[in-house]
Amino acid sequence: MKDTGDITDAVRLTAVRKVYGRRDNQVVALDGVTTRFGRGTFTAIMGPSGSGKSTLLQCAAGLDQPTSGSVLIEEQELSEMNETALTKLRRDRIGFVFQAFNLLPVLTVRQNVTLPLRLAGRKPARGRVSTVLDQVGLAQRSNHRPAELSGGQQQRVAIARALVSEPAVIFADEPTGALDTRTARDILALLRHASQAAGQTIVMVTHDPVAASFADRVLFLADGRLAGELDSPTPQSVADRMTHLGAFADDGPLPRLVTSRGGQR
Ligand SMILES: Nc1ncnc2c1ncn2[C@@H]1O[C@H](COP(=O)(O)OP(=O)(O)OP(=O)(O)O)[C@@H](O)[C@H]1O
């Protein structure tokens, strides 16, 4: 009974460990992380500063190599791939959305969205670009340049660019970090919709409990280890966990510092 359509996760990490530096100044950024990101799920990753969130994202996306452990994307083991194959995998099967929108100013919205595919020598399926532009609410702006758009609209372009090739997973690193609260919510609602309506797998790093509450599940990291997870999160339940994590993660005299960061402004 091998129906890979049913059994594969988009991404699976097993005992992922990442150590930076050499002998005398080693930093253990990830310390044995095992988790999975099921197809079509939307997961937020949270944790105090320095807990390993970015490192987890980088290792899961094949941008950085774990010191040990396994990362599978659609059942492909990243550590067995050479740099050329990894580059191709990242290009074809992974979408990225960052805090900075990373759009090319001289290109139109439509050209920005299709650029990664064109660089890969591919053409988007007919109608696909219009579909994603419609999905992100920018169908009327396809010939505009980024400078003519608001920050929220620019992030929508970046999301359309990530969605266009229907990747196995979109990794989003603080995608709403540069946006005002209301625009941030629209963007988060859009990501949630992409996951729920189109089955897009999304993994998002955030510091913001409200942002995390848009996900189906929140993974908490502390000191490079998984420190629990929460299904159907609410801003309050996420903030409560972060408060406790601050206390776990910081044995020093000022655990409250982490608490107040959890309630980010
Ligand atoms: N290139 C590197 N060289 C050495 N240490 C590193 C490197 N990158 C990250 N680290 C260390 O690894 C640990 C985890 O860092 P990481 O950036 O993953 O944390 P984070 O949870 O994303 O933090 P933040 O919320 O502040 O962005 C930290 O102690 C950090 O200083």
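The text that follows walks through the structure, step by step, so that each part is easy to find. (Residues numbered from 1 in each chain as written. Predicted model: local features only at pLDDT ≥ 70, side-chain atom pairs only at ≥ 80, totals over all residues.)

Let us look at the site of the ligand. Around the ligand, the surrounding shell consists of Tyr-20, Gly-21, Val-27, Ala-29, Gly-47, Ser-49, Gly-50, Ser-51, Gly-52, Lys-53, Ser-54 and Thr-55. Listing elements by their share of the shell around the ligand, those giving two or more residues are β2 (27-38) and α2 (53-60). In terms of residue count, α2 provides more of the shell around the ligand than any other element does, three residues in total. (Near = placed C-beta within 6 Å. Helix = DSSP H or I, 4+ residues; strand = E, 2+ residues; numbered from the N terminus.)

What follows deals with the nonpolar core. Side chains of a nonpolar character, in soluble globular proteins, are inclined to be buried together. Within the largest apolar cluster, 69 residues are counted, with the highest numbers of intra-cluster contacts made by Ile-45, Ala-60, Ala-160, Val-169, Phe-171, Leu-191 and Val-218. Excluding its chain neighbours within four sequence positions, the residues that come into contact with Leu-191 are Phe-42, Ala-172, Ile-202 and Phe-214. (Core = buried A, V, L, I, M, F, W, Y, C linked by C-beta atoms within 7 Å. Buried ≥ 20, exposed ≤ 12 C-beta atoms within 10 Å, placed from the backbone. Contact = placed C-beta atoms within 7 Å.)

With that out of the way, let us pick up the packing of helix α4 (residues 109-119) against helix α5 (residues 128-135). Relative to each other, α4 and α5 sit at 115°, their axes nearing to 11 Å. In the packing of α4 onto α5, the handedness of the crossing is right-handed. For the pair α4 and α5, contact is made by Arg-110, Val-113 and Thr-114 and by Val-129, Val-132 and Leu-133, respectively. Looking at the contact of α4 with α5 residue by residue, the classes come out as four nonpolar, one polar and one charged. (Axes fitted to C-alpha atoms, helices over the stretch in contact; angles between N-to-C directions. Left-handed = near helix turned anticlockwise from the far one by under 90°. Nonpolar A, V, L, I, M, F, W, Y, C, P; charged D, E, K, R; others polar.)

Strand order in the open sheet formed by six strands is β6-β7-β8-β3-β9-β10, and the pairing between neighbours is mixed. Pairing within the sheet leaves two strands with one partner each, and these edge strands are β6 (94-98) and β10 (225-231). Between one strand axis and the next, the sheet turns by 20° as a mean value, whatever way the strands run. Both strand β7 (residues 169-173) and strand β8 (residues 202-205) contribute to a ladder of four bridges, which runs parallel. Bridge pairing links Ala-172 to Met-204 in β8. (Pairing = 2+ DSSP bridges.)

The strand order across the open sheet built from four strands is β2-β1-β4-β5, with neighbouring strands paired in antiparallel fashion. Only two strands of the sheet have a single neighbouring strand rather than two, namely β2 and β5 (76-77).

Next up on the list: the environment of Lys-123. Counting through the fold element by element, Lys-123 comes out in the loop between α4 and α5. A sequence separation of 42 residues divides Lys-123 from Ser-165, and the C-alpha atoms of the two residues are 9.7 Å apart.

Further remarks concern α2. Along α2, the residues that are buried comprise Lys-53, Thr-55, Leu-56, Cys-59 and Ala-60. End-on, the buried residues of α2 take up no more than an arc of 165°, which puts them together on one face. (Arc of directions from axis to C-beta.)

At Glu-166, a residue that is not glycine, the phi angle is positive and equals roughly 50°. Taking the C-beta count within 10 Å as the criterion, Glu-166 has 13 such neighbours and is therefore assigned partly exposed. With a phi close to 45°, Ser-232 is a non-glycine residue in the positive phi region. You can see Ser-232 is positioned in the loop between β10 and α9 (235-249).

Assignment of secondary structure puts Ala-239 in helix α9. For Ala-239, a count of 20 C-beta atoms within 10 Å gives the class buried.

Right, let's talk about the packing of helix α6 (residues 151-163) against helix α7 (residues 181-198) for a bit. With their axes 10 Å apart at the nearest point, α6 and α7 run at an angle of 15° to one another. On the basis of the axis angle, α6 is roughly parallel to α7. Note that α6 runs across α7; the crossing there is right-handed. Contacts between α6 and α7 pair Gly-151, Gly-152, Gln-155, Arg-156, Ile-159 and Leu-163 from the former with Thr-183, Asp-186, Ile-187, Leu-190 and Ala-194 from the latter. When its residues are assigned to classes, the contact of α6 with α7 shows five nonpolar, four polar and two charged. (Parallel < 35°, antiparallel > 145°, perpendicular 65-115°, else oblique.)

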